[in-house]
Amino acid sequence: MAPRRPVDPAELRAVLERISLWVTGESDEKPSRADLAAAVRLSARTLEQIAPGASVEVRVPPFVAVQCIEGPRHTRGTPPNVVETDPRTWLRMVVGGVDFDEAVAAGSVEASGGRAAEIGRLLPLARL
């Protein structure tokens, strides 16, 4: 597999700004699928870049799944450390609109495995 090109922080910021009213809840108008997909994928890939590894899998269906955090690599079946959430919750955590631990407690984020909580220490990735 060819290495991915690094995420351009300006590109991530631009797409986050385009959908910011929906992410923050100031608007119920859902952004275009292209903008939503770009925001989710770029932010997840940014996380993957700042915390390389394969110990924790972050899933934001239907757009992306990335592995990050150094440690034992998992290659088959369901990984032991998984964080999964919906796109809006993910993006709210990315911009600091909701805390990871609060989202887990509220049931908006499923986090399994002893290392899953490490994702919370890496968020937010950007501020609006």
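Provided above is the structure to which this section pertains.
Positions within a chain are numbered from 1, following the residues in the order the chain's sequence is written. Where totals are concerned, whole chains, interfaces and linings use all residues; where local detail is concerned, this predicted model gives features only for residues with pLDDT of at least 70, and gives and counts side-chain atom pairs only at 80 or more. Each side-chain value is worked out from all heavy atoms of the structure, with water and hydrogens disregarded.

Chemist: Before we go on, may I ask you to explain the sheet that holds strand S2 (residues 64-68) in this structure?
Modeler: Sheet strands pair by backbone hydrogen bonding; their relative direction is either parallel or antiparallel. Strand pairing is assigned whenever DSSP identifies at least 2 bridges connecting the two strands. Strands are runs of DSSP state E lasting at least 2 residues, helices are runs of H or I lasting at least 4, and numbering of each runs from the N terminus. Read across the open sheet, the 4 strands follow the order S2-S1-S3-S4; overall the sheet is mixed. Two strands lie at the open edges of the sheet, namely S2 and strand S4 (109-112), each paired on one side alone. Neighbour-to-neighbour, the strand axes of the sheet open up by a mean angle of 10 degrees, direction not taken into account. Two elements, strand S1 (residues 56-60) and S2, share 5 bridges in a ladder whose sense is antiparallel. Here an angle of 0 to 180 degrees is reported between the N-to-C directions of two axes, which are lines fitted to C-alpha atoms, with helices fitted over the stretch in contact.

Chemist: Just checking my understanding: could you explain the environment of serine 112 for this structure?
Modeler: With respect to the element layout, serine 112 can be found in strand S4. Note on exposure labels: buried denotes an accessible area under 20% of the residue type's maximum, exposed denotes more than 50%, and partly exposed covers the range between, all computed with a 1.4 Å probe on protein chains only. Judged by its relative accessible area of 35%, serine 112 is partly exposed. Taking the C-alpha atoms as reference points, serine 112 and proline 124, separated by 12 residues in sequence, lie 20 Å from one another. Excluding anything up to four places from it in sequence, serine 112 contacts Pro80, Asn81 and Val82. For this analysis, residues touch if any pair of their heavy atoms sits within 4.5 Å.

Chemist: Would you explain the packing of helix H1 (residues 9-18) against helix H3 (residues 33-50) in this entry?
Modeler: Helix packing for two helices is described by the angle between their axes and how far apart those axes are. It is at 9 Å that the axes of H1 and H3 come closest, and there the two elements cross at 140 degrees. In terms of orientation, H1 lies oblique with respect to H3. In the packing of H1 onto H3, the handedness of the crossing is left-handed. Contacts between H1 and H3 involve Glu11, Leu12, Val15, Leu16 and Arg18 on the former and, on the latter, Asp35, Ala38, Ala39, Leu42, Ser43 and Thr46. Lys, Arg, Asp and Glu make up the charged group, whereas Ala, Val, Leu, Ile, Met, Phe, Trp, Tyr, Cys and Pro make up the nonpolar group; the residues left over, Gly among them, are polar. Within the contact of H1 with H3, the residues separate by chemical class into 6 nonpolar, 2 polar and 3 charged. An angle below 35 degrees is treated as roughly parallel, one above 145 as roughly antiparallel, one from 65 to 115 as roughly perpendicular, and anything else as oblique. Handedness of a crossing follows from how the near helix is turned relative to the far one, being left-handed for an anticlockwise turn of less than a right angle and right-handed for a clockwise one.

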